[in-house]
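Per-entry structural report
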Protein chains: 2
Amino acid sequence: MTVSGESEPGSVRPGGRTARVRAAVLEAAGDTLAEQGFHGLDLAEIARRAEVGKTTVYRRWGTVAGLVADLLADMAEQSLPRAETGSLLEDMRANAALVRRTLTDPRQGALFKAVIAAATSDARTAEALHRFYEVRVAEWAPCVREAVERGELPEGTDAAEVVRAVSAPLYYRFLTSGAPLDEAAAERAASSAVAAARAGVFTSAPVTGRVSHD
Amino acid sequence: MTVSGESEPGSVRPGGRTARVRAAVLEAAGDTLAEQGFHGLDLAEIARRAEVGKTTVYRRWGTVAGLVADLLADMAEQSLPRAETGSLLEDMRANAALVRRTLTDPRQGALFKAVIAAATSDARTAEALHRFYEVRVAEWAPCVREAVERGELPEGTDAAEVVRAVSAPLYYRFLTSGAPLDEAAAERAASSAVAAARAGVFTSAPVTGRVSHD
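Residues numbered from 1 in each chain as written. Chains lettered and ligands numbered in written order. Predicted model: local features only at pLDDT ≥ 70, side-chain atom pairs only at ≥ 80, totals over all residues. Heavy atoms only, no water.

Quick word on the confidence of the model for chain A
Residues and elements named next belong to chain A. Counted only if it meets this: Each residue carries a pLDDT score, the predictor's own confidence in it, on a scale running from 0 to 100. Secondary structure elements follow DSSP: runs of H or I of four or more residues count as helices, runs of E of two or more count as strands, with numbering from the N terminus. In this description, contact between two residues means that some pair of their heavy atoms is separated by no more than 4.5 Å.
The share of residues in chain A with pLDDT of 70 or more is 90%, and the mean pLDDT across the chain is 91. No element of chain A has a lower mean pLDDT than helix α10 (residues 208-211), which averages 49, and none a higher one than helix α9 (residues 183-198), which averages 98. Across residues 1-7 the pLDDT falls below 50, and counting only partners more than four positions away or on other chains, this stretch makes 22 contacts in the model. When the criterion is pLDDT under 50, residues 209-214 qualifies, and its contacts beyond four places in sequence or with other chains add up to 10 contacts. Interface confidence for the predicted complex, given as ipTM, is 0.87, next to a pTM of 0.88.

Below is the structure:
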């Protein structure tokens, strides 16, 4: 596992000193982000908080954006494996429940808000955020592909679109509408994605004509 | 129409001096937000940009958050009326197209990013943002209620949930996943909301059992 960004090339031995320094720095960065937002991040302060040498932090991460990018890469690596229940709806319910738990967690929710806010005005953070979601979507996409193989969904269903459709309503509440992020919301997010997928909305062949029959 | 927040109570005569001052100040605030983000807002600078007296701006809006709240209230008032095509899918397509146009507009998109970012760490801005979306959802909800009356959708469909389901995937792309905000995305947003609504996902009676039959 390499430390992304400004670090030396080559793999990092798990459990070695480099890995421990990274873990301490990323934890300090995540805590600070959650408590103070992006503007609260300062490499020297992070070094102090992580009890790591300041020059090490400057050398390996270089900038606040570089540090946040590495934090997001680590979060993507750590994200939980997908469910494999054999039912698309159950898999997507598990996915929605995980998203809801994350966004309503005091630390994680605050961290995501800080990073998403920073991404609106920092291109490097936006890129790291996009990659985080790509990794997460790629992890859960096989649930959808297997549903197509089982005949639960139409051929040609775009798996990534279905997975994204589960997260979308939860993030919408989280960031804009302020409607409650409760279990009912997570249930509806999963159910609506599955209902739309079954109706062929996420295939390239437009079936919306059939949906609008009235 | 009253100026929300710190202004004097009583209605503002359209076309009168108070209304013109408000329009100039809100336009300057919106331009500055789009160009520089929330942190670029300064009441004295806005007053200069709007060619309005500084004491007027301080007296009527008081704080940056107060100004942004009034801007959001004005944006809610100005938002376009709903479509009334007689077809739920066509109405929701129009809704999705409007959201897409707004988020991909250089000025409006930047403005929304700035306000949404600010809302993650400022409670007053978050509240004003929630109210903005409430007004917008309330404007489009009759499309859904009329679809229920026409028999296009099941009884007991939560109209606000359907309208929010159209915006959600577009905001998700806008703020997190970075996937393209193209016409196909808008089409899928409308189609998926309608497909899920038809499947009864947005009624209080759980019909998800039927969806998962496999």
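Section: helix α1 (residues 17-36) of chain A
All names here are of chain A. Our working definition: Helix span, expected: 1.5 Å multiplied by one less than the number of residues in the helix. Working definition: with a 1.4 Å probe on protein chains only, accessible area under 20% of the residue-type maximum means buried, over 50% means exposed, and in between means partly exposed.
In a regular helix each residue adds 1.5 Å, so 20 residues correspond to 28 Å; α1 covers 28 Å between its end C-alpha atoms and thus fits that length. Residues of α1 that are buried: Ala19, Val21, Arg22, Val25, Leu26, Ala28, Ala29, Gly30, Asp31, Thr32 and Leu33. Close packing links the buried residues of α1 with α2 (43-50), α3 (54-61), α4 (64-78) and α6 (106-119). Residue Gly37 follows α1 closely and has a positive phi angle near 80°.

Describing the interface of chain B and chain A
Note the cut-off: By buried area we mean how much accessible surface two parts lose on assembly, using a 1.4 Å probe and totalling the loss over both. We count a salt bridge whenever a side-chain nitrogen from Lys or Arg sits within 4 Å of a carboxyl oxygen from Asp or Glu. Contacts described as polar in this section are N or O atom pairs within 3.5 Å, which, within protein, must combine one atom able to donate a hydrogen with one able to accept it, while residues neighboring in sequence count only if both atoms come from side chains. Put simply, Ala, Val, Leu, Ile, Met, Phe, Trp, Tyr, Cys and Pro go in the nonpolar bin, Asp, Glu, Lys and Arg in the charged bin, and everything else, Gly too, in the polar bin.
If you look at the interface, chain B gives 41 residues, while chain A gives 41 residues. Taken together, the two surfaces of chain B and chain A that pack against each other cover about 3500 Å², and 67% of this comes from carbon and sulfur. Connecting chain B to chain A are 4 salt bridges. Arg188 of chain A is paired through a salt bridge with Glu161 of chain B; the nearest N and O atoms lie 3.1 Å apart. Taken together, the links from chain B to chain A amount to 5 residue pairs in polar contact (both at pLDDT 80 or more). For the side of chain B that touches chain A, the secondary structure elements donating two or more residues are α5 (88-104), α6 (106-119), α7 (123-150), α8 (159-177), α9 (183-198) and α10 (208-211) of chain B. By residue class, the composition of the side of chain B that touches chain A is 18 nonpolar, 13 polar and 10 charged.

Some points on unusual backbone geometry
Residues and elements named next belong to chain A. A positive phi is found at Glu51, a non-glycine position, where the angle reads about 55°. Mapped onto the elements of the fold, Glu51 is located in the loop between α2 and α3. The exposure class of Glu51 is exposed, given its relative accessible area of 75%.

Observations concerning the relation of the copies chain B and chain A
Short version of the rule: Least squares is the method used to superpose the copies, on C-alpha atoms of residues holding a pLDDT of at least 70 in both.
Note on the copies: chain B fits chain A at an RMSD of 0.0 Å, the axial shift is 0.0 Å, and the rotation between them is 180°. Expressed as an axis order, the relation between the two copies is that of a two-fold axis. When C-alpha positions in chain B are compared against the rotation axis, the closest is assigned to Ala117 of chain B, at 2.1 Å. A high fraction, 100%, of the interface residues of chain B reappear at the interface in chain A, so the copies pair face to face through one surface.

Quick notes on the pattern of salt bridges
Per the stated rule, a full pass over the model turns up 32 salt bridges over all chains. Asp74 of chain A is paired through a salt bridge with Arg22 of chain A; the nearest N and O atoms lie 3.8 Å apart. Note that Asp74 of chain A is positioned in helix α4 and Arg22 of chain A in helix α1, a separation of 52 residues in sequence. Both residues of the pair, Asp74 of chain A and Arg22 of chain A, belong to the buried class. The salt bridge involving Arg173 of chain A is made with Glu161 of chain B; its shortest N-O contact spans 2.5 Å. Here Glu161 of chain B lies in helix α8 and Arg173 of chain A lies in helix α8 (residues 159-177), a pairing that spans two chains. Per residue, the accessibility class of Arg173 of chain A equals that of Glu161 of chain B, and both read buried. Salt bridges linked by common partners bring Arg22, Asp70, Asp74 and Glu77 of chain A together as one network.

With respect to the side chain of Thr32 of chain B
Relative to the helices and strands, Thr32 of chain B is located in helix α1 (residues 17-36). When residues no more than four places from it in sequence are discounted, the contact partners of Thr32 of chain B are Gly37, Gly40, Leu41, Ile46 and Arg49 of chain B.

Quick notes on the environment of Leu80 of chain A
Residues and elements named next belong to chain A. Of note, Leu80 is situated in the loop between α4 and α5 (88-104). Sequence separation of Leu80 and Trp140 is 60 residues, and the distance between their C-alpha atoms is 9.8 Å. Setting aside residues no more than four positions away along its own chain, Leu80 makes contact with Leu98, Glu139 and Trp140.

Regarding the packing of α1 of chain A against α3 of chain A
Any two packed helices are characterised by the angle at which their axes cross and by the distance between the axes. Residues and elements named next belong to chain A. To keep it simple, the criterion reads: Helix axes use the C-alpha atoms of the stretch in contact, all axes being lines fitted to C-alpha atoms, and the angles between their N-to-C directions lie in the range 0 to 180 degrees. In what follows, roughly perpendicular refers to angles from 65 to 115 degrees, roughly parallel to angles under 35, roughly antiparallel to angles over 145, and oblique to any angle outside these ranges.
Contact geometry for α1 and α3: axes closest at 12 Å, N-to-C directions at 90°. When the axes of α1 and α3 are compared, the pair comes out roughly perpendicular. Residues Thr18, Val21, Arg22, Val25 and Leu26 of α1 touch α3, and the partners they reach there are Thr56, Val57, Arg60 and Trp61. Tallied by class, the residues present in the contact of α1 with α3 amount to 5 nonpolar, 2 polar and 2 charged.

Some details on the nonpolar core
Here is the rule we go by: The set of buried Ala, Val, Leu, Ile, Met, Phe, Trp, Tyr and Cys residues whose side-chain atoms join them within 4.5 Å is what this entry labels a nonpolar core.
One finds Tyr171 of chain A together with Tyr171 of chain B to be the most contacted residues of the largest nonpolar core, which totals 149 residues. Each residue touching Tyr171 of chain B, except ones within four places of it in the same chain, is listed here: Tyr172 and Thr176 of chain A together with Val99, Leu103, Phe112, Ile116, Tyr133 and Thr176 of chain B.

Considering the side chain of Ser87 of chain B
Along the chain, Ser87 of chain B falls in the loop between α4 (64-78) and α5. Reaching out from Ser87 of chain B, the side chain makes a polar contact with the backbone nitrogen of Glu90 of chain B at a distance of 3.1 Å.

So, the packing of aromatic side chains
Within a pair of aromatic rings, the relevant descriptors are the distance that separates the centres and the angle that separates the planes. The test is simple: What counts as a ring pair is set by centres within 6.5 Å for rings of Phe, Tyr and Trp (its six-membered ring), and what kind of pair is set by the plane angle: stacked under 30 degrees, edge-to-face over 60, tilted for all other angles. Geometrically, a charge over a ring is one whose NZ (Lys) or CZ (Arg) sits within 6 Å of the ring centre while staying within 35 degrees of the ring normal.
A full pass over the atoms with the stated rule returns 12 aromatic pairs over all chains. An aromatic cluster is present here, built from Phe112, Phe132, Tyr133, Tyr171 and Phe174 of chain A together with Tyr172 of chain B joined pairwise through their rings. Over the ring of Phe174 of chain A we find Lys113 of chain A, and its NZ or CZ is 5.0 Å from the ring centre.

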